[in-house]
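Geometric and topological summary
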Amino acid sequence: MNVEWYVVLSALLFTTGAVGILVRRSPMVILLCLELMLNAGNLALVAFSRMVGNQQGQVFAIVVMVIAACEVVVGLGLIVALFRRKLPLNVDDLRELRG
Amino acid sequence: MTATSWAWLVLLLPLLGSIVIGLGFKVLPWRVAGIIGTVAIGLAFACGIGALLCLLGEDAEARHHASSLWTYASAAGLDIKLGIYVDPLSVFMVLVVTGVSTLIHLYSYGYMQSDEGYHRFFSYLNFFVFSMLLLVLAGNFVLLIVGWAFVGFASYALISFWYRRTTATRAGMKAFVINVVGDIGLVLAAFLIFRELGTFDYGPVFAKAPQVFHTNEWTVTAICLLLLVGAFAKSAQLPFHTWLPDAMEGPTPVSSLIHAATMVTAGVYLIARTHTLFVLAPTAADVAAFVGLATLLVAGTIALVMTDLKRAIAYSTMSQIGYMIMGVSIGAYSAGMFHLMTHAFFKALLFMAAGSIIAAMANNQNIDDMKGFGKAMRFTSITMLCGGLALAAFPGTAGFFSKDEILAYATARGGMYTIFTVLGYFGALLTAVYTFRLIFRVLPGKPCAEAQELIETGHVAHEEPRNPATGEVEDTDVGFPGAEHHIAEQTWPMKVAMGALAFLAVFAGLIQVPGLDETITHFLDPVFADSPLAAIVPSVAASWTGLAIGAAISVAGIAIAYWLYVLRPETPAALIARLRPLHTFLVNKWYFDELIDILIVRPALTIGRFANRVFERFVVDGLVNGTEDVVGGAGRVVRTVQSGFVRSYALLLVAGFAGLALYFLLSSS
């Protein structure tokens, strides 16, 4: 199979994730969309790695997975904390950082 | 041990004492603090003796040593070391300073007993002695300035010691400001010396100066005049003298230590130390001599009318320092230094005696209220009489030999210097009159209420203490000597100190009898050997003639005082009534305070107010507020982006990256 297909799929996934972040308000969904974007990146990395014929891209993909795992830990932790303190699970209502 | 090692120890001990007492004020009992302070100075005196013995063991020409511990500052062409200079002059000063200070510490041990700030007092006192010793032992002008400034600070701390008294804090500030004026003079002089000679060290400076400078060249005259500014400010000479009488606000041991025995003699020491420069600038030396003469007369006349016991003695100090400044300026070096020593003895003693009388009077210093203390405090009155006789130069006492030696030298130098002899003798007459005015008014007669109480009960119970100057109630928490204040007769350390000083005041003159021993002259000779003026020596016959005249004048002065204040006590009032304008003029201290106020303080205040209203408001405030407005405005603009909507941040991020990607795509194709 040609590399273009993979890249197109990766681009589609990335865009889906980005749009999801921009339009959805639930922190849970935003976290999922972030994962989607990261995995789109992973897909592109692996695809290009196959095309070039070495393993560097795959190594990067594994590193990205580790980072994604960390990010999920933090993100879910935040969401649980929000839930426990009975704060609204809506990012538009959480505006305390307003300057 | 060498002389320099002893000298380093002399410096170290008071510093250690000050630090130990200062840091340990919470744990040390007051007795221990007092003992540490006194012993530190006493050991320093012992080390001074050690240095003296080392010097005496050497040839007269080899009696000068420089020693340095480490480099104090090193920069392009500048090499300043933490160095000391040990020669007969500095050892002489060390012995006078530590010797008198030991006795004053001993006196303070008893005098300050009921004071809340006992530890603070001893820490300051030790620091003061350390600063004075640093000043005296410094081996270069930089260290001299350091010691000079330390002394200024220490005097500020001690004058304002009872810091709840507004008069005391004001007096402290006044002393500090005037001393700083003197410091500036000294610093500028040091700059000029460095510019012309390229070094700060005493040895090279005094060796090079005669080759570099011509006599009366403007640079050397300027250096000497600037040095004089420093000397006059520290030694309370006209027109920088106004701080000294005010400084009497400090505790009496402070008056005794700073304003009689040590600090005010720094100017005399400075002139004696830099005599090589003054020989090259005879004009400046004459200026110093005439200022000294003017001070001794002005202060003598003011002392005649002062009704404040301590202030009258303070003016007498100014007057005696005038003699010393005059002496070292006209070339009577060893005579001036000798007078410095004897003056330290009898003036410290007089202050101590005054202190115990003032204590018995519940801090009232007005001699109009005092009477009959001769019966109430026998020991104090005897020692006060000894000090008074020495100050009045009664034949045989210490002051008799030292004062007349200066005047005899002035006669021997001849020419216009005869003025100094004539007016100096007039000053001696004033001295005898004002000294015995104090004594005759305070000691004899029918005891006043306080003295009577002292005779009957042996103890004066003070009611609520008040500041005699302003009438405000004293704050006893911060160390005003409270109701249980100990007067001299009741503690032995004070008696020992006063007794020792009384002995010295009467007999110290015998080490320098013209034609007989002249110990001080022989000892100091090597220091002043390079000065052509030191070659002028009054003949023994001339000296004794001078002494005879001095004796006659002294006795005459005492007789006048006796006639005025004992035989015809109504005469002074009649005199005052007849000479009303003169009396007012003298009571107002020749209007020096007012003169300085009009000439310096008011213009400075006006400039300050102008700067506050115009410069501060428009220029400084404008700059500051302008900067603040610019930063604030920029912040207000940028702040709108921070909306707090996470999704708008994400949009900005995505849009930014998209823009970046677009840019690279476009630029690569």
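Just so you know, these numbers come straight off a predicted model, no measurement behind them. (Residues numbered from 1 in each chain as written. Chains lettered and ligands numbered in written order. Predicted model: local features only at pLDDT ≥ 70, side-chain atom pairs only at ≥ 80, totals over all residues.)

1. Notes on the overall build of chain B
As a reminder of what qualifies: Every helix listed is a DSSP run of H or I at least four residues long, and every strand listed is a run of E at least two residues long, numbered separately from the N terminus. Three exposure classes are used, all based on how many other C-beta atoms lie within 10 Å of a residue's own C-beta (placed from the backbone): buried at 20 or more, exposed at 12 or fewer, and partly exposed between those limits. The contact criterion used is a C-beta to C-beta distance within 7 Å, with each C-beta placed from the backbone.
Along its length, chain B carries 27 helices and two strands. The principal-axis extents of the C-alpha atoms in chain B amount to approximately 120 × 65 × 55 Å. Relative to its full complement of 669 residues, chain B shows a buried share of 50%. Look at the contacts in chain B between residues 6 or more apart in sequence, and 81% of them connect residues 24 or more apart.

2. A closer look at the overall build of chain A
Heads up, the rule is: The reference for a compact globule is 2.2 Å times residues^0.38; the radius of gyration itself is calculated from the C-alpha atoms.
Counting its regular elements, chain A contains three helices and zero strands. Helices (α) and strands (β) of chain A occur, in sequence order from the N terminus, as α-α-α. Its C-alpha radius of gyration of 17 Å places chain A more than 25% over the 13 Å reference for a compact globule of 99 residues. The principal-axis extent of the C-alpha atoms belonging to chain A is close to 50 × 25 × 25 Å.

3. As for the nonpolar core
Quick reminder of the rule: We call a set of buried Ala, Val, Leu, Ile, Met, Phe, Trp, Tyr and Cys residues a nonpolar core when their C-beta atoms link them within 7 Å.
Judged by nonpolar contacts, the single largest core of 213 residues is most densely connected at B:Ala348, B:Leu349 and B:Ala505. Excluding anything up to four places from it in sequence, B:Ala348 contacts B:Val100, B:Leu103, B:Ile104, B:Ser256, B:Ala260, B:Ala261 and B:Leu501.

4. Notes on the domain arrangement of chain B
Interface size is often expressed as the accessible area that is lost when the parts come together. Filter applied, for reference: Marked domain ranges trace back to an automatic or database domain assignment.
In terms of domain boundaries, chain B breaks down into domain 1 (360–460 + 487–587) and domain 2 (593–668). The gap between the C-alpha centroids of domain 1 of chain B and domain 2 of chain B is 68 Å.

5. Regarding the pairing of strand S1 (residues 65–75) of chain B
As a general feature of sheets, a regular strand has side chains that alternate between the two faces. Residue and element names in this part refer to chain B. Applied cut-off: Strands are labelled as partners when DSSP assigns at least two bridges between them.
Within S1, only one of the eleven residues are buried, which leaves the element largely exposed. Of the pairings in the sheet, the one linking S1 to strand S2 (residues 78–86) comprises eight bridges and is antiparallel in character. Bridged to Ala66 within S2 is Tyr85. Connecting S1 to the antiparallel partner S2 that follows it, the hairpin turn spans two residues, and Gly77 within it adopts a positive phi of roughly 75 degrees.

6. Comments concerning the packing of helix H14 (residues 309–330) of chain B against helix H19 (residues 418–442) of chain B
Residues and elements named next belong to chain B. To keep things clear, this is the line we draw: Axes, fitted as lines to C-alpha atoms, cover a helix only where it is in contact. Angles between the N-to-C directions of the axes lie from 0 to 180 degrees. Should an angle lie under 35 degrees it is considered roughly parallel, over 145 roughly antiparallel, and from 65 to 115 roughly perpendicular; all remaining angles are considered oblique. Throughout, a crossing is termed right-handed when the near helix is turned clockwise from the far one, and left-handed when it is turned anticlockwise from it by less than a right angle. Note that Gly is not counted as nonpolar here; it falls among the polar residues with everything else outside the nonpolar set of Ala, Val, Leu, Ile, Met, Phe, Trp, Tyr, Cys and Pro and the charged set of Asp, Glu, Lys and Arg.
Put simply, H14 and H19 touch, their axes get as near as 11 Å, and they point 160 degrees apart. If you check the angle between H14 and H19, you find them roughly antiparallel. Once H14 is placed against H19, the crossing between them reads as left-handed. From H14, Leu309, Ala312, Ser316, Ser319, Tyr323, Met326 and Ile330 reach across to H19, where they touch Phe420, Gly424, Gly427, Thr431, Tyr434, Thr435 and Leu438. Taken together, the residues that form the contact of H14 with H19 break down as eight nonpolar, six polar and no charged.

7. A short note on the environment of B:Gly57
Positionally, B:Gly57 belongs in the loop between helix H2 (30–56) and S1. Sequence spacing of B:Gly57 and B:Asp246 is 189 residues, and the spatial spacing of their C-alpha atoms is 45 Å.

8. Quick notes on the interface of chain A and chain B
Contacts between the two partners involve ten residues from chain A, matched on the other side by ten residues from chain B. Its residues placed into classes, the side of chain A that touches chain B shows five nonpolar, one polar and four charged.

9. A short note on helix H1 (residues 3–23) of chain A
Since the α-helix packs 3.6 residues into each turn, any two residues three or four apart lie on the same face. Formally: Residue count minus one, scaled by 1.5 Å, sets the expected span of a helix. This arc describes the spread of directions from the helix axis toward the C-beta atoms.
Along its 21 residues, H1(A) runs 30 Å from first to last C-alpha, staying within 8% of the 30 Å computed at 1.5 Å per residue. Turning to H1(A), its buried residues number three or more, namely A:Ser10, A:Gly17, A:Ala18 and A:Ile21. All buried residues of H1(A) fall inside an arc of 95 degrees around its axis, so they share one side. Seen from the open side of H1(A), the exposed residues pointing more than 90 degrees away from its buried face are A:Glu4, A:Trp5, A:Val8, A:Leu12, A:Val19 and A:Val23. Looking at the packing, one finds that the buried side of H1(A) touches helix H2 (27–52) of chain A together with helix H27 (646–668) of chain B.

10. Thoughts on the packing of helix H15 (residues 333–360) of chain B against helix H18 (residues 398–413) of chain B
All names here are of chain B. Running from N to C, H15 and H18 point in directions that differ by 155 degrees, and their axes come no closer than 9 Å. By the criterion of interaxial angle, the relationship of H15 to H18 is roughly antiparallel. Along this stretch, H15 crosses H18, giving a crossing that reads as left-handed. Along its contact with H15, which presents Ala335, Gly336, Phe338, His339, Thr342, Phe345 and Phe346, the element H18 presents Ala398, Gly399, Ser402, Lys403, Glu405, Ile406 and Tyr409. Of the residues contributing to the contact of H15 with H18, the split by class is seven nonpolar, five polar and two charged.

11. Regarding helix H26 (residues 592–639) of chain B
Rule in force here: The angle separating two fitted axes, one through the seven residues that finish at a residue and one through the seven that start at it, defines the bend at that residue.
Along H26(B), the sharpest kink reaches roughly 50 degrees, centred on B:Glu616. Taking burial as the measure, the 48 residues of H26(B) include zero buried ones, a minor fraction of the element.

12. So, the environment of B:Arg639
Secondary-structure assignment places B:Arg639 in helix H26. Considered as a pair, B:Arg639 and B:Thr262 are 377 residues apart in the sequence and their alpha carbons are 66 Å apart.

13. Here we look at the environment of B:Phe379
Residues and elements named next belong to chain B. Position of Phe379 among the secondary structure elements: in helix H17 (residues 378–391). Taking the number of C-beta atoms within 10 Å as the measure of exposure, Phe379 has 16 and is therefore partly exposed. As a C-alpha pair, Phe379 and Lys495 span 116 residues in sequence and 7.9 Å in three-dimensional space.

14. Digging into unusual backbone geometry
Residues and elements named next belong to chain B. The linkage connecting Leu238 with the following residue, Pro239, adopts the cis geometry, with an omega of -5 degrees. Mapped onto the elements of the fold, Pro239 is located in the loop between helix H8 (218–235) and helix H9 (243–246). Positive phi, close to 65 degrees, is recorded for Asn216, a residue that is not glycine. Residue placement: Asn216 occurs in the loop between helix H7 (202–212) and H8. Given 12 C-beta atoms within a 10 Å radius, Asn216 is considered exposed. Not every positive phi belongs to a glycine, and Ala393 is a case in point at roughly 60 degrees. Here Ala393 lies in the loop between H17 and H18.

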